[in-house]
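Results of the structural survey
What follows is each chain in one-letter form.
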Amino acid sequence: MFLRKNFVGLFFFSFWGTILSQEGQLEIAHQAYLQYAYAEAKDVFTESETYSTLDTDIDKEIKSEPLSGILDNDFVAFDNKENESSLLLDALTLGYNTSENFSLHVLNINSGFSDYAPSFYNEELVFASSRDVNSISKAYDADNDQPFLDLYTTTKKKSNKEKIKKLKGGVNTKFHESSATFTKDRKTVYFTRNNYVQKKSKRSEKGTILLKIYKAEYIDGKWSNIQELPFSSNEYSIAHPTLSPDGRLLYFASDMPGSLGKSDLYVVEVHKDGSFGEPINLGDQINTKDRETFPYISDAGNLFFASDGHLGYGDLDVFMVLFNEGDDVTVYNLGEPINSSKDDFTFIINEENRIGYFASNRRGGVGGDDIYGFKQLVSFPNHYENKFNTIKKFERVIELKPNDEEITSW
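Everything numeric here is computed off the predicted structure, so don't read it as measured data. (Residues numbered from 1 in each chain as written. Predicted model: local features only at pLDDT ≥ 70, side-chain atom pairs only at ≥ 80, totals over all residues. Heavy atoms only, no water.)

Take the overall build of the protein next. Of the regular secondary structure elements, the protein holds 3 helices and 28 strands. Classification of the 410 residues of the protein by burial places 57% in the buried group. Carbon and sulfur atoms form 46% of the exposed surface of the protein, whose accessible area is close to 17,200 Å². (Helix = DSSP H or I, 4+ residues; strand = E, 2+ residues; numbered from the N terminus. Buried < 20%, exposed > 50% of the residue type's maximum accessible area, 1.4 Å probe, protein only. Areas by Shrake-Rupley, 256 points an atom, 1.4 Å probe, with all protein chains shown as cover.)

Here we take up empty space enclosed by the protein. One way to see where empty space is left: roll a probe the size of a water molecule over the atoms. Quantified by volume, the largest cavity comes out at close to 50 Å³. Considering the residues around the largest cavity, the lining is formed by 10 residues, among which Val106, Asn110, Val366, Asp370 and Tyr372 are closest to the centre. Broken down by secondary-structure element, the contributors of at least two residues to the lining of the largest cavity are β5 (102–107) and β28 (370–376). Of all the elements, β28 adds the most residues to the lining of the largest cavity, at 3 residues. Classifying every residue of the lining of the largest cavity by side-chain character gives 6 nonpolar, 3 polar and 1 charged. (1 Å grid on protein atoms, 1.4 Å probe; cavity = no way out; pocket = protein on both sides within 12 Å on 5 of 7 lines; lining within 4 Å. Points joined across faces, edges and corners; volume = space filled by probe spheres on them. Nonpolar A, V, L, I, M, F, W, Y, C, P; charged D, E, K, R; others polar.)

Attention shifts here to the sheet that holds strand β12 (residues 177–182). With antiparallel pairing, 4 strands are arranged side by side in an open sheet as β12-β13-β16-β17. Strand pairing shows two members of the sheet lacking a second neighbour, β12 and β17 (222–228), which therefore form its edges. Across this sheet, the average inter-strand angle for adjacent strands is 30°, counted without regard to direction. Pairing of strand β13 (residues 188–194) with strand β16 (residues 211–219), which is carried by 7 bridges, proceeds in the antiparallel orientation. Bridge pairing links Val189 to Ala216 in β16. (Pairing = 2+ DSSP bridges. Axes fitted to C-alpha atoms, helices over the stretch in contact; angles between N-to-C directions.)

A few words on the pattern of salt bridges. Summed over all chains, the structure comprises 9 salt bridges. We note a salt bridge from Lys375 to Asp90, for which the minimum N-O separation is 3.4 Å. Highlighted residues: Lys375 in strand β28 and Asp90 in helix α3 (residues 87–92), separated in sequence by 285 residues. (Salt bridge = Lys/Arg side-chain N within 4 Å of Asp/Glu carboxyl O.)

Right, let's get into the environment of Ile286. As for its placement among the helices and strands, Ile286 is situated in the loop between β21 (280–281) and β22 (292–297). Sequence-wise, Ile286 and Met320 are 34 residues apart; in three dimensions their C-alpha atoms are separated by 9.9 Å.

Right, let's talk about the packing of aromatic side chains for a bit. Considering all chains together, one arrives at 23 aromatic pairs under this definition. With 6.5 Å between their ring centres and 80° between their planes, Tyr190 and Phe276 make a pair best called edge-to-face. Residue Tyr190 is located in strand β13, and its partner Phe276 is located in the loop between β20 (264–269) and β21; the two are separated by 86 residues in the primary sequence. Relative accessible area serves as the criterion here: at 14%, Phe276 is assigned to the buried category. Counting every residue linked through ring pairs, the aromatic cluster contains Phe102, Phe304, Phe347, Phe358, Tyr372, Phe374 and Phe380. Stacked on the ring of Tyr214, the Lys or Arg Arg193 has its end atom at 4.9 Å from the ring centre. The positively charged end of Arg362 is found above the aromatic ring belonging to Tyr372, 5.5 Å away from the centroid. (Phe/Tyr/Trp six-rings, centres within 6.5 Å; stacked < 30°, edge-to-face > 60°. Lys NZ or Arg CZ within 6 Å of the ring centre and 35° of its normal.)

Let's shift gears to the side chain of His105. Relative to the assigned elements, His105 resides in strand β5. Here Ser103 takes part through its side chain, which lies 3.1 Å from a polar atom of the side chain of His105. (Polar contact = N/O pair within 3.5 Å; in protein donor to acceptor, adjacent residues only side chain to side chain.)

We now examine the sheet that holds strand β19 (residues 249–254). In spatial order, the strands read β18-β19-β20-β21; together these 4 strands make up an open sheet with antiparallel pairing. Single-partner strands in this sheet number two, and they are β18 (238–243) and β21. Sheet analysis places β19 next to β20, joined by 6 bridges and oriented antiparallel. In the strand pairing of β20, Leu250 is matched with Val268.

Next up on the list: the pairing of β28. The buried fraction of β28 is high, at 6 of 7 residues. Here β5 pairs with β28 via 5 bridges, running antiparallel. When the bridges of β28 are listed, Ser103 appears paired with Lys375. With 6 bridges joining them, strand β27 (residues 355–360) and β28 adopt antiparallel strand pairing. Bridge assignment links Phe358 to a residue of β28, and that residue is Tyr372.

Further remarks concern the nonpolar core. Among the nonpolar cores identified, the biggest contains 28 residues, and Phe347 and Tyr357 are the most heavily contacted of them. Contributing elements (two or more residues each) for this core: α3, β5, β7 (124–129), β24 (317–323), β26 (344–350), β27 and β28. Counting 21 residues, the second largest nonpolar core, distinct from the first, contains Ala117, Phe191, Trp223 and Ala306. (Core = buried A, V, L, I, M, F, W, Y, C linked by side-chain atoms within 4.5 Å.)

Moving on to the pairing of β22. Along β22, 6 of the 6 residues are buried, which leaves the element largely enclosed by surrounding structure. Examined bridge by bridge, β22 and strand β23 (residues 303–307) share 4 bridges and lie antiparallel to one another. Across the sheet, the residue bridging to Ile297 is Leu303, located in β23. Between β22 and the antiparallel strand that follows it, β23, lie 5 residues; Gly301 among them carries a positive phi value of about 85°.

Written out as C-alpha cells, the structure reads:
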C-alpha cells in the first residue's frame, strides 16, 4: 500500500520561558487500515519559506531530480558477522549499501504486506504488520485488500516465520494496532489502536472509528490490563506515542482541536501516580499546516519525526530538532538514504550504538511499506542544548478551536 500517513500529532510543550509551537471514512471491516494514520501521499511537495532547512541549490536539486529506489546493484550480500552493538541488525540483514552518513540495510522480516513502526524492546524488535499470520480476524481493508495491522515481535536470532510472532496478551484485536513504545523497566507499553475496547468499537459523530493511545502492563508473561489514555476522544485521533528516556514525557501525534495543521506533535507529562497532565502543542517552529507525525525520542533525548510540511525530498521525510542559541530551533532533514522521494517514517535510533530502523514505501521494496535498518557513520550536527527531556512548566499556547478541515482517517 501507499503510506497514507496522516497520523495526527498533538503536543503542548513549554521551555525557554516560551513554547515550541506544531481518508475516506473508516468502515469497520473495510477502511480501518486508513485509520491507522495514513493519508494520501501528496503529488506535489509544498515548500514553506518559514520551515525551509535546506539551502537554495539543494532545494532546486531535490525538486528537479526525484530519487531512485535503493534496491539496486550497489547492494551487497551481508555475511552476518556479529558484534556486541549490532547483534539484532546483523541477524535481520539480507544486504546493505553504504553512503557517506549511513549504511542502509535490507531486512529479512518484511512481508508482501505493510510492515512499519519498529520499536526497541529488550533484544527484540517490535513492529506493526498487516501480514495474516495465524490471525483470528479475517477482515480485510477493501482499499488495499490487506488484513488489519497487528503488533509483532522478532528476536536477534536468524529471523524466519517461526521467529516472528504476535505480542502475547490482549494488545492485538480485530482492528489496527501499531506504534508501540515501552517504559524503561519494560513493564508498560503505550500503543496505537482504533477506538476499540472490551470488544466494542466507538464511532465519532461523523461515523468514523478514530485512533486512540492505550497502555498495557506486562503481567505473567503477557500484556494485559489495557486502558485508553484519559485525553483520548471519540471525536479526534491521538496516535504514535513515544516516551522520553526518563519516562516523564509522552509525545504523540493528533488532529485534536487547536492543531495547526492536518496533524501536529504534542507532549504530555506522565505523573508518578500514573495520571497525566494536559497535552501541549509543540508549536509552530515544529508543526506546520501539513502533517507532522510519528515522533520519536532517542536515548539521548533528541526528537525525530516525519513531516511533509518541512522542506524535503518529497512526501514524508524524517527530520530532527536541533536547538539554537536563544529561543528557536532548527528542523534538520536527515537526507539520503534515510529520506527518498517517497514516504519515509517511523524512524528510531539507539544513539549509543548508532543503530536504528525506519519504514519507507520507496521503490524496490517487498511490500507496500517495508522496514529498513541502518548504521550511523557520521554524527548528527551539534546543537545548542537538549531540552526535550526537561520541563520547566506546562501551559497552553494556543486557543483550542475545532479544526476547519474534517479529518476522517489517517
